[in-house]
Structure formats: C-alpha cells, structure tokens
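Inside the fold
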Protein chains: 2
Amino acid sequence: MSEGKMSIREQLQNRFDELTRAEKQLTQLLLQNYPASGLGSITDLAKRSGVSTPTVARLVQKLGFAGFPQFQSALRAEVGAELSNPIDKYNKWAEHAPDEHILNRFADSVSKNVRQTFSRLKTEEFDEVCALLANTDHHLKIVGGRISRSLADYLFTHMQVIRPRVTHMTSNSNAWPHYLLDMNRDDMLVIFDVRRYENDLRRLAEMAHERGAKIILFTDQWGSPISRIAAHKFNCHIEVPSAWDSSIVPMLILEALIAEVQKANWDQTKRRMNTLEDLFDRTRMFRKFT
Amino acid sequence: MSEGKMSIREQLQNRFDELTRAEKQLTQLLLQNYPASGLGSITDLAKRSGVSTPTVARLVQKLGFAGFPQFQSALRAEVGAELSNPIDKYNKWAEHAPDEHILNRFADSVSKNVRQTFSRLKTEEFDEVCALLANTDHHLKIVGGRISRSLADYLFTHMQVIRPRVTHMTSNSNAWPHYLLDMNRDDMLVIFDVRRYENDLRRLAEMAHERGAKIILFTDQWGSPISRIAAHKFNCHIEVPSAWDSSIVPMLILEALIAEVQKANWDQTKRRMNTLEDLFDRTRMFRKFT
DNA sequence: TGAATTGTGAACAATATTTTACAGATGCAG
DNA sequence: CTGCATCTGTAAAATATTGTTCACAATTCA
C-alpha cells in the first residue's frame, strides 16, 4: 500500500519503530486520542505530549508533510471520513479494528468481568487480606491448580521479593504432605482454584484448615468447594469468548494486592530489593568471568 | 438545559430560526458536515459555505464565543468526547468503593493500558501470529524473564493442550544452549521480555535468530532490544500505580491468541483434550487405589 | 567519548483573526 | 416607488496567533 493511501493513523503505527523517543511519545498521544489531539495548534500538541515544538515540526516533516498545517488538514479530512462512517462511530478498544475482532470482544468481556467482580467484592475484605499478607509473623504458602499454577507462580515471585517466609507449593501434589507436616495456625495458605475444581486442592485445603492455617482463596464466580472453609475469598468472573477461562481478573486483584502489601512493608521490602539487586549484580559479574 | 451544557450542534439547531440568511447558510454547512467543516480556518469555512469572513465572525460571537478560536476549541473538545471511549468514563469499577481505592485506580490504569496498547496494535499482525502458532509444522518454544516467566508458563500450559511440539524453556539460562542446539528455521520462539530487559534473553534471542528461528516478542511499550530481530512483537503498556509492572495486557493478548489458535486447530485440539481427560481420569483412578 | 536526539529561546515569516468603514443588496412599510 | 433599516460583502489595516527555523546547550545512548 502506498503511503499516500494510508491513513495518518496507519502511517504512525507502521513507522512507529523507526521513530525516536520523543517522537514516539508524541505519536502515542496522537494515537491514543485520535484524531482530536492533533487538531489544536502545534504548540498545544507539543505541550500536551510533553515534547518541544520543533520536535512536532520535525515529525510531521518526517511523515512527508510540508508543514504542520498540511498535516492538520489531512487529519481534518480523516475526521470527516471517520465521523461520517457510522460503523466507526461506536467506540471500541481497538478503534481501527472491526467490532467483531477477537481482541475487541475479549477486551469487552474482560471489562465486564472486572466490573462484575468488583461489584461483589468488599474492599474491606481486600484490605484485610492485604494486612494479612503483609504480616511477616505468619508463613505464607501459595498453591494453584493445573492452570492457575501460573497465577500462584506470579504471586510467589513478587511476594518472595517483598517479604520473607514465602513458599510456592509445587503443583506436584505428591509433595504436599511434606508441607502439611509443618502447617499450623501461624500459616496462611493462598489457594487458586477455579472451575474444574481439583480434588487434590480440596483435600489439601481441608487438611490445612484442620491444622489451623488461614486460607485465602481465589476462585471463580461460582465458587470452589473450598469457599466453605476459606477465611477470605475472591470470586473472580472469568468468562470470555474462548474455550478457556480468563485469568485476567484474579491477576488484576493480585497485582493490586502486591502493590498494597509492598507499600505496607516498604522498609522491609526496600532492604530486600537492594540485597537482591546486589546478588543479581554479583551473579552477573560471576558469569562474565567464567 | 443551560446553553453551557449544550453541544454546539444543539445550539446551532435550536437557534437556527433566529439566524439571518447568510448565517443559516453557514450553519447548514456546519451541521451537514459536523464537526469537520468547522475545524479549518475561518476564511476556509467562509469560503466553503459561501459567506464572508465577517459573517462567520459575527455568528460565533452571536453564539456567545469570544472569537473564532474559542468556538473552534469547543468544537475540538466535542470531537474528543465523541470519539473517545465512553466505556468506562462514567462508570466507576467498584461502585461502592471510593474512587481512590487501589482497586479502582488499578482498574482505571489497566483499562487505559489496554486502550493504549490496542491503539498501536495491528490486528493483521495479531492474526498472523495466530496463524503461526496454529502451524504445527513448526516447533514452538517459549521463554520468559524473571517476572514474565509466569506468562510463559501460562502460554505453555495452554499450548501444550492445543497443539503438539511445544516446549517451555526453563528460566535457568544454563540450560538454554541445549535448546539452541536443535533450533533452526522450523522453530518459533515466543519471548517475554519487559523492562529491566535481561541480557541472557537478548543473547538467547540473537542466537536463535542466527539459526533462523522466528521470534515472537511480548515486550513493554518502550520495547526490549530484542524488538530489532523479532518477526512479530506486541508492545504492551504495563504501567500501574504500583512499584511493579502489570502483566495484565500481555496476558489479555495471550488469552485472545490462545482462543484463536484453539479455534483454528479445533479438530486436533479436540482429540488432544479427550486424550488428556482420559489420562487425568486414569491418574485419579490410579491414586485412589494406592 | 562522540554522535544523535531533544529542548530552549528567540527571531522571523506566514497565517489567521478581528475590526472598521463603506457600499451594495435586500426586504419591508408606507 | 421610495425610504429606511437591516443584512451582507469587500477591502484593508491592525493585531494576534501560529508555524518555521536556527543556533546552541543539554541530554541520552551506544
């Protein structure tokens, strides 16, 4: 396709990689709020995207326009075309993709899932879980199911940096009895169990519960059988246009939890992160000379 | 409704009758091709609507604007509002929680990240990657960094069910040379590399590339150095109100990819899933009696 | 370190806007 | 038809704003 026939948006997307840092920054604003952000004055655009005026002038020339006014009038022409096309009028996630594209349908579902989940979620409970996870008197054990293992891993990787006394119980359920041996009322057990609830997990939860461990459960909107004995639980909506379930909502809650726990434990975390940096450096050094 | 809250279009329509001949003519052009026609210069607008410049100036003042630039910037604001995404603008995520609660701030950021990412993402590229991943002639290898390992794991777990010939390269980079041994132009390598780009990953990518492997890269908005040699890449926005980066957007794209690849490979996948069910059943049986 | 990129500030050029004065056009009332 | 008020266009000048460009310093990155 010749550049002449490409929309400015397409040009910006296609040539994004060959742009410099400031140009990318500018382009991102343009794409993000397209095309409105490009319709003001050049100084306005520069200021709002945080680059200098000459940078804007340089970019539009790089794109092949004689000057900013030419660029802008091309943009205006697109406003006319875009707004008169009723299909494009309704908003989408990826504005230039058809509504029916899987990406748009997915983003819609996820957005709906988040809203539905949050409508049931009590922020007080969220805050309590934060406090629990930040409490390093208690040992934190994490375990997931076949699919949700990745979530468990994700939480573990972060918690390991943020606080001491964290264990990821491998998905190999043969090893679980060993962990149960040492489990008592000083333990917190984070369990991920979504649809196709796994029997092994249920049994593990029951035994941990009998030993007095506090269970924090991430499950789906219908609720794993472990709900009954969980001290806290998050019911995440997970339906998407796919044969599989979505892990987005639980991950979103996880990330928010991680952010909050980290904030609560900041002093401790900072020390741990510094030490970690140091260790990484020394590993790198070590490698360099071998 | 006060005039202040009326859109310019409504104002023009409501006050149409009290306008003079030339003003009506001008207004008609404005409404007919709204709002694009009002975004050029005042002389342009005058010429195209067949009235004189002062007439335009007089009209906008009659409408209550200090001058044409003010009128125009109001118009621009409407373009922005009309085209920008209303999906979550007037919609708190957790309605009963304060705006400032971390969960709401997180959901906002994520929503923004999705939109920003999608504004740069070419759906054609997404479709191409789908086709690649669905092609079982090629071996699929997956590898991630320290944090993004969970994403690699997530993709692996699903792909393993959907298609044969999938490998998760462990994060222990000591083992990578073994994988490189067998790597050639029949291989696809999915790499996750976000900020704090890891040198080991870069070197791995370079060597894989030299051997002809096709690289599919998941990186952040700034782009890992691997971008240069990647056949396809996804730049995911990852900034959230946290000391850590968000993995939500890459995971969203992953899930959509998984859904599409699964659909493309449905016959094959169905057989594999049945076999898998069967294997699970037999394992469970086996356990029950030991 | 050296090259490329970016920002600053200013000067200048180019455009756009506003305003004014006036003349022609229009429409209407008498 | 006339005269008057209103509307409109023209032209031009004054002003304001905007775009362009440059030199140079600061920054970044390899």
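Overview of the structure. A quick note: this is a predicted structure, and the numbers were derived from the prediction, not measured.

Moving on, we get to the overall build of chain A. Scanning chain A from N- to C-terminus turns up 13 helices and five strands. Long-range pairs, those at least 24 residues apart, make up 66% of the contacts in chain A between residues at least 6 apart in sequence. About 13300 Å² of surface is accessible on chain A, with carbon and sulfur atoms providing 51% of the total.

Across a sheet, paired strands are connected by hydrogen bonds in the backbone, their directions being either parallel or antiparallel. Residue and element names in this part refer to chain B. Strand order in the open sheet made by the five strands is 2-1-3-4-5, with parallel pairing throughout. With one partner strand each, in any of the chains shown, strand 2 (166–168) and strand 5 (232–236) form the two edges of the open sheet. Averaged over all pairs of adjacent strands, the angle between their axes in this sheet comes to 15 degrees, without regard to strand direction. Sheet contacts for helix 7 (residues 123–134): strand 1 (139–144), strand 3 (187–192), strand 4 (214–220) and strand 5; angle to strand 5, the most-contacted strand, approximately 125 degrees. Where helix 8 (residues 149–162) meets the sheet, it contacts strand 1, strand 2 and strand 3, and its direction lies at approximately 155 degrees from that of strand 2.

Residues and elements named next belong to chain B. Taken across its five residues, strand 5 has five buried, putting it largely inside the fold. The alternating pattern of strand 5 places His232, Phe234 and Cys236 on one face and Lys233 and Asn235 on the opposite face, and all of these are buried. Where strand 4 meets strand 5, five bridges bridge the pair, whose relative direction is parallel. Of the residues in strand 5, the one forming a bridge with aspartate 220 is cysteine 236.

Now for the protein's contact with DNA strand C. As a structural note, the neighbourhood of DNA strand C is formed by 18 residues, with A:Thr20, A:Ala22, A:Thr55, B:Ile42 and B:Gly67 the closest of them. In DNA strand C, atoms within 4 Å of the protein come from the sugar-phosphate backbone in 79% of cases. A:Ala22 is positioned with one of its backbone polar atoms (N or O) 2.5 Å from a phosphate oxygen of DNA strand C. With respect to DNA strand C, the side chain of B:Gln61 contributes an N or O atom lying 3.0 Å from a phosphate oxygen. Residue assignment for the surface near DNA strand C shows that the elements contributing at least two residues are helix 2 (21–32) and helix 4 (53–62) of chain A together with helix 3 (42–49), helix 4 (53–62) and helix 5 (68–83) of chain B. Tallied by class, residues from the surface near DNA strand C come to six nonpolar, nine polar and three charged.

Glancing now at the environment of B:Ile215. Relative to the helices and strands, B:Ile215 resides in strand 4. Excluding residues that lie within four positions of it along the chain, B:Ile215 makes contacts with B:Leu189, B:Ile191, B:Ala205, B:His209, B:Ile226, B:Ile229, B:Ala230, B:Ala231 and B:His232.

Attention shifts here to the protein's contact with DNA strand D. The environment of DNA strand D is made up of 18 residues, and the closest members are A:Ile42, A:Gly67, B:Thr20, B:Ala22 and B:Thr55. Contacts to DNA strand D include B:Arg21, whose backbone N or O atom sits 3.0 Å from a phosphate oxygen. Note that a base oxygen of DNA strand D is positioned 3.5 Å from one of the side-chain N or O atoms of B:Arg58. Among the secondary structure elements, those contributing two or more residues to the surface near DNA strand D are helix 3 (42–49), helix 4 and helix 5 (68–84) of chain A together with helix 2 (21–32) and helix 4 of chain B. Across the surface near DNA strand D, the residue classes tally to seven nonpolar, nine polar and two charged.

What counts and what doesn't
Residues numbered from 1 in each chain as written. Chains lettered and ligands numbered in written order. Predicted model: local features only at pLDDT ≥ 70, side-chain atom pairs only at ≥ 80, totals over all residues. Heavy atoms only, no water. Helix = DSSP H or I, 4+ residues; strand = E, 2+ residues; numbered from the N terminus. Contact = heavy atoms within 4.5 Å. Areas by Shrake-Rupley, 256 points an atom, 1.4 Å probe, with all protein chains shown as cover. Pairing = 2+ DSSP bridges. Axes fitted to C-alpha atoms, helices over the stretch in contact; angles between N-to-C directions. Buried < 20%, exposed > 50% of the residue type's maximum accessible area, 1.4 Å probe, protein only. Near = heavy atom within 4 Å. Polar contact = N/O pair within 3.5 Å; in protein donor to acceptor, adjacent residues only side chain to side chain. Nonpolar A, V, L, I, M, F, W, Y, C, P; charged D, E, K, R; others polar.

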